[in-house]
Amino acid sequence: MRSILKKIVPNFILIKIKRWFQLFKLNKNYFEDMKRFSKFSFELGGNKTQRHMESDLIFFYHKIEKGLSLPSPRVGFGKTNVKHLLNLLKVYSEEYGWDMTAQVSLNTLWAYYEFNKEHGLILDDLLADMELLGKSRNSSIGNKTTSTGGVTSISKAEIERANVNFKDFAYSRYSLRSFSPGEIDNSLIKDSVAIAQKTPSVCNRQSWKVYVYEGDKKKRVLSHQNGNAGFGDSADKVLLVTADLQDFRGPKERNQAYIDGGLFSMSLIYALHSHNIGTCALNLSLDHKDERKLKADVQIPESEVTLMMIALGNFPDNFYVADSKRRDISTVLTTY
């Protein structure tokens, strides 16, 4: 059909038709993105799930944490946010009980109360509300069940003791497309994900998810990615990284899943590299039809966006890598 069109239609017309077709597909995908974000994001979505409410707690307790971490916090700062967090916590704990997010929220309120008390501001109403919440979980307000929430004191010396030669480490990492046989221990993957959890995210909401596929399921998930020919089968496992849109709020955060998820994915690749696990980041730029097929095939919830796959396996003793020249730093860095 294409060869016939080329004979009877001028080339410039074919170029215009192709451009119009691509614009149509682009608009279709933009519309699908908007529809999905509208359905699942916090402020635009209809039904509020536990995940929505959990992310809302994190959003507001992190506002208080950031205030407490400033060089000179203002006494009595953030009263509106504190009140809102308290009300959210009451509703959440009644509906879902005292999980980690609820406990950290309460700990943060406690840290806020202590800060103000140390600076001469006694918030009796807040204390009374926290005591009621403490009773609802059958423990006293001063008896934290986790060590997180509020702020933690860190010294410069601690940072310096943990310093590593990151330049050499980063320069030693390559995309591997020649995996050696052998199984990667799942405990190393679990530890790598735990390390990558230190990745910063918007208001610490940590929207990322990681799915591990091996055996026949690995082959199935790789069939939805068109850049692994010739080496994908040799990988021991494939990771699929996603982000949950329920963690994001209004239109300003419409792209945040890709930002936070991209940061996390690179952290995960470096964490795997620290365990001497070879990796290859696999592009997953799919249109909505293909993404729906992938998610249906490997049981990914509708509210999650697929970000990338990571093929992983053992290093052979010697191997070739792409000699990928990096752009000159002058084309990347601009200083004002």
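Whatever comes next refers back to the structure up there.
The sections below set out a description of the structure shown in this document. Just so you know, these numbers come straight off a predicted model, no measurement behind them.

About the thresholds
Residues numbered from 1 in each chain as written. Predicted model: local features only at pLDDT ≥ 70, side-chain atom pairs only at ≥ 80, totals over all residues. Heavy atoms only, no water. Helix = DSSP H or I, 4+ residues; strand = E, 2+ residues; numbered from the N terminus. Contact = heavy atoms within 4.5 Å. Areas by Shrake-Rupley, 256 points an atom, 1.4 Å probe, with all protein chains shown as cover. Lys, Arg positive; Asp, Glu negative; His and termini not counted. Charge placed at Lys NZ, Arg CZ, Asp CG, Glu CD. Phe/Tyr/Trp six-rings, centres within 6.5 Å; stacked < 30°, edge-to-face > 60°. Buried < 20%, exposed > 50% of the residue type's maximum accessible area, 1.4 Å probe, protein only. Pairing = 2+ DSSP bridges. Axes fitted to C-alpha atoms, helices over the stretch in contact; angles between N-to-C directions. Parallel < 35°, antiparallel > 145°, perpendicular 65-115°, else oblique. Left-handed = near helix turned anticlockwise from the far one by under 90°. Nonpolar A, V, L, I, M, F, W, Y, C, P; charged D, E, K, R; others polar. Core = buried A, V, L, I, M, F, W, Y, C linked by side-chain atoms within 4.5 Å. Salt bridge = Lys/Arg side-chain N within 4 Å of Asp/Glu carboxyl O.

**Structural notes on the overall build of the protein**
Next, step 1: In terms of helices and strands, the protein carries twelve helices and four strands.
Next, step 2: Here the C-alpha coordinates of the protein stretch approximately 85 × 50 × 50 Å along the principal axes.
Next, step 3: Looking at the protein alone, contacts between residues at least 24 apart form 81% of all its contacts between residues at least 6 apart.
Next, step 4: When the accessible surface of the protein is totalled, it reaches about 20600 Å², and 54% of it is carbon and sulfur.
Next, step 5: With 47 positive and 38 negative side-chain charges, the protein shows a spacing of 9 Å between the two charge centroids.

**Quick look at the packing of aromatic side chains**
Next, step 1: The full count for this structure, using the stated rule, is ten aromatic pairs.
Next, step 2: Consider the rings of Phe166 and Phe169, whose centres lie 6.0 Å apart with planes at 40°: the pair is tilted. Taken together, the residues span about one helical turn, with Phe166 and Phe169 both in helix H8 (residues 166-171) at a distance of three residues.
Next, step 3: Residue classification places Phe166 among the partly exposed positions, given a relative accessible area of 43%.
Next, step 4: Residue Phe169 is classed as partly exposed on the basis of its relative accessible area of 23%.
Next, step 5: The structure contains a cluster of three or more aromatic residues connected by ring pairs, namely Phe77, Tyr112 and Phe115.

**What about the sheet that holds strand E1 (residues 208-214)?**
Next, step 1: Spatial ordering of the open sheet is given by E1-E2-E4-E3, a layout of four strands whose pairing is antiparallel. Each end of this open sheet is capped by a strand with a single partner; those strands are E1 and strand E3 (278-282). For this sheet the average axis-to-axis angle between neighbouring strands, irrespective of direction, equals 25°.
Next, step 2: Note: E1 against strand E2 (residues 237-244), seven bridges, orientation antiparallel.

**A closer look at the packing of helix H3 (residues 50-68) against helix H4 (residues 79-96)**
Next, step 1: At their nearest, the axes of H3 and H4 sit 10 Å apart, and the two run at 150° to each other. On the basis of the axis angle, H3 is roughly antiparallel to H4. Crossing geometry of H3 relative to H4 is assigned as left-handed. When H3 is examined against H4, the residues Gln50, Met53, Glu54, Asp56, Leu57, Phe60, Tyr61, Lys63 and Ile64 are found in contact with a partner set consisting of Asn81, Val82, His84, Leu85, Leu88, Leu89, Val91, Tyr92 and Tyr96.
Next, step 2: Classifying every residue of the contact of H3 with H4 by side-chain character gives twelve nonpolar, three polar and three charged.

**Looking at the nonpolar core**
Next, step 1: Core analysis: the biggest nonpolar cluster contains 53 residues, and Ile64, Leu109, Leu126, Met130, Leu268 and Ile310 have the highest contact counts within it.
Next, step 2: For this core, the element with the highest residue contribution is helix H5 (residues 100-118), accounting for nine residues.
Next, step 3: If we ignore the near neighbours within four places in the chain, the residues touching Ile310 are Lys237, Val238, Leu239, Val241, Ser265, Leu268, Ile269, Leu272, Thr279 and Cys280.

**Concerning the environment of Ile64**
Next, step 1: Following the sequence through the fold, Ile64 ends up in helix H3.
Next, step 2: Along the sequence, Ile64 and Met34 sit 30 residues apart, while their C-alpha atoms lie 31 Å from each other.

**Quick notes on the pattern of salt bridges**
Next, step 1: One pass over the structure, following the stated rule, counts 18 salt bridges.
Next, step 2: A salt bridge links Glu32 to Lys28; its shortest N-O distance comes to 3.0 Å. Pair noted here: Glu32 and Lys28 are both in helix H2 (residues 11-40), with a separation of four residues, about one helical turn.
Next, step 3: Residue Glu32 is classed as buried on the basis of its relative accessible area, which comes to 7%.
Next, step 4: Ionic pairing is found between Glu253 and Arg205, a salt bridge with its closest N-O pair at 2.8 Å. One end of the pair, Glu253, is in the loop between E2 and helix H11 (256-274); the other, Arg205, is in the loop between helix H9 (186-196) and E1, and 48 residues separate them in sequence.
Next, step 5: A single salt-bridge network, built from bridges that share partners, covers Lys28, Glu32, Lys35 and Arg292.

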